[in-house]
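Read off the chains here:
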Amino acid sequence: MKEAIRLTNKTAIALRKSAQKVRRAYLIAEVVISLMLGAAGVALGFMWLWVVPAMIAVIALIDCALATAARCHYLSLLGQAICTEAAAREMRAGQSERARREQAIGDLMRMKADIQQTVEKKPGAKPFFEKKDDENEEEEEDEDMLPEAVREQQADAPRRRRRQGKLALIRSETAK
């Protein structure tokens, strides 16, 4: 399962490489210490025979301790790499979400400006967006002052249909 976790962030990749270097360094230290203690056990074994099994036991304990420490440091650095990658992805997602939100707000503002320009070009056309109650009263007063030709033009203009607030669920039995 080498390279099973796909990392794209430079920091995360560097942490993974560092984790591999740490594991390799522990392995090299383990081999060197084992060889040195083995040579010391053989040298002392010529004088005292009981030192040889004692050195083998010490070598085994030290190897186990170094292997455990190597695994601990390797997994710690690998976990940091994974967390770094997750944080980078979250930051990129937040930036893209913010950009989408800003794009939507910009589009909405452009649509409002287009509608306002359309309303200003057509005399007597009603704005697309509803106004407040005070403005509606003023608009009603202005309609009474409009010339007859403009009122007829407004009456002939097509009306927009508003969406219904309710949606009906159609099931297979009721759709017949």
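**Q** Sorry if this is basic, but what is going on with the nonpolar core here?
**A** The tendency in soluble globular proteins is for nonpolar side chains to be buried side by side. Among the nonpolar cores identified, the biggest contains seven residues, and these are Ala12, Leu15, Ala19, Tyr74, Leu77, Leu78 and Ala81. When residues of this core are traced back to their parent elements, those giving at least two are helix H1 (10-45) and helix H2 (51-121). Top element by residues in this core is H2. It accounts for four residues.

**Q** Looking at this structure, I do not really get the side chain of Asp63. What am I missing?
**A** For Asp63, the location among the structural elements is in helix H2. Asp63 has contacts with Glu30 and Ser34, leaving out every residue within four places of it along the chain.

**Q** Help me out: how do you make sense of the environment of Tyr26 in this one?
**A** You can see Tyr26 is positioned in helix H1. Tyr26 sits in the partly exposed class, given a relative accessible area of 21%. Beyond its immediate stretch of four places on either side in the chain, Tyr26 contacts Leu66, Ala69, Ala70 and His73. A polar side-chain atom of Tyr26 sits 2.9 Å from a polar atom in the side chain of His73.

Criteria and thresholds
Residues numbered from 1 in each chain as written. Predicted model: local features only at pLDDT ≥ 70, side-chain atom pairs only at ≥ 80, totals over all residues. Heavy atoms only, no water. Core = buried A, V, L, I, M, F, W, Y, C linked by side-chain atoms within 4.5 Å. Buried < 20%, exposed > 50% of the residue type's maximum accessible area, 1.4 Å probe, protein only. Helix = DSSP H or I, 4+ residues; strand = E, 2+ residues; numbered from the N terminus. Contact = heavy atoms within 4.5 Å. Polar contact = N/O pair within 3.5 Å; in protein donor to acceptor, adjacent residues only side chain to side chain.

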